[in-house]
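Remarks on the overall topology
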Amino acid sequence: MLLDRSDAHALLRALGANERLLRHLQLVGEAADELMNAYTGLEVRFDASLIELGVAVHDAGKINYPEELDGTGSRHEPEGQAMMLANGVQLPVARCCVSHAAWQQHRTLSHCYGPFSDQMRTFRFVHEIIRTYHGQTFSTSAT
């Protein structure tokens, strides 16, 4: 079970994450911190722990598919979830390895997390943080 970002990074390091991947995850985490601060100011409810941990491990599968650090590919997504679950990471956190890329395919995540729940909004938030960091359009519209 992961308690914080440091736990997540220590696990990834133990699993063989290279410095480039760890730096990427750190930078995405910094972006998440900024967005969480802004959302807090707007009184948007979200699960800060889930966001912190989900962002910290979202690309864990790139440990086994390092070519996807530079190129396209999605093999790292289910691989990351499997790696996290095999190492005792909470299911909602492990799901971020897949859900961060699957948002557009599943306009709602109710099939996994319950309709219109705070957790669903939190997963969308994780997805938006990652999209923003990767240079895609950021949307603050609520769904």
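**Considerations on the packing of helix H1 (residues 5-14) against helix H3 (residues 48-57)**
- For the pair H1 and H3, the least separation of the axes is 9 Å and the interaxial angle reads 20 degrees. By the angle between their axes, H1 is roughly parallel relative to H3. Once H1 is placed against H3, the crossing between them reads as right-handed. Contacts between H1 and H3 involve Arg5, Ala8, His9 and Leu12 from the first element and Glu52, Leu53, Ala56 and Val57 from the second.
- Within the contact of H1 with H3, the residues separate by chemical class into five nonpolar, one polar and two charged.

**A short note on helix H2 (residues 19-41)**
- In this model H2 runs 33 Å from its N-terminal to its C-terminal C-alpha over 23 residues, within 8% of the 33 Å that 1.5 Å per residue would give.
- The complete set of buried residues in H2 reads Leu21, Leu22, His24, Leu25, Val28, Gly29, Ala32, Leu35, Met36 and Tyr39.
- Looking one or two places after H2, you find glutamate 43, whose phi comes out positive at around 60 degrees.

**Examining the pattern of salt bridges**
- Scanning all chains against the criterion turns up six salt bridges.
- Salt-bridge contacts for arginine 75 lead to glutamate 67; the nearest nitrogen and oxygen are separated by 2.3 Å.
- Under the relative-accessibility criterion, arginine 75 is labelled partly exposed at 45%.
- Ionic pairing is found between arginine 75 and glutamate 68, a salt bridge with its closest N-O pair at 3.4 Å.
- Taking relative accessible area as the criterion, glutamate 68 reaches 3% and is therefore assigned buried.

Criteria and thresholds
Residues numbered from 1 in each chain as written. Predicted model: local features only at pLDDT ≥ 70, side-chain atom pairs only at ≥ 80, totals over all residues. Heavy atoms only, no water. Axes fitted to C-alpha atoms, helices over the stretch in contact; angles between N-to-C directions. Helix = DSSP H or I, 4+ residues; strand = E, 2+ residues; numbered from the N terminus. Parallel < 35°, antiparallel > 145°, perpendicular 65-115°, else oblique. Left-handed = near helix turned anticlockwise from the far one by under 90°. Contact = heavy atoms within 4.5 Å. Nonpolar A, V, L, I, M, F, W, Y, C, P; charged D, E, K, R; others polar. Expected span 1.5 Å × (residues − 1). Buried < 20%, exposed > 50% of the residue type's maximum accessible area, 1.4 Å probe, protein only. Salt bridge = Lys/Arg side-chain N within 4 Å of Asp/Glu carboxyl O.

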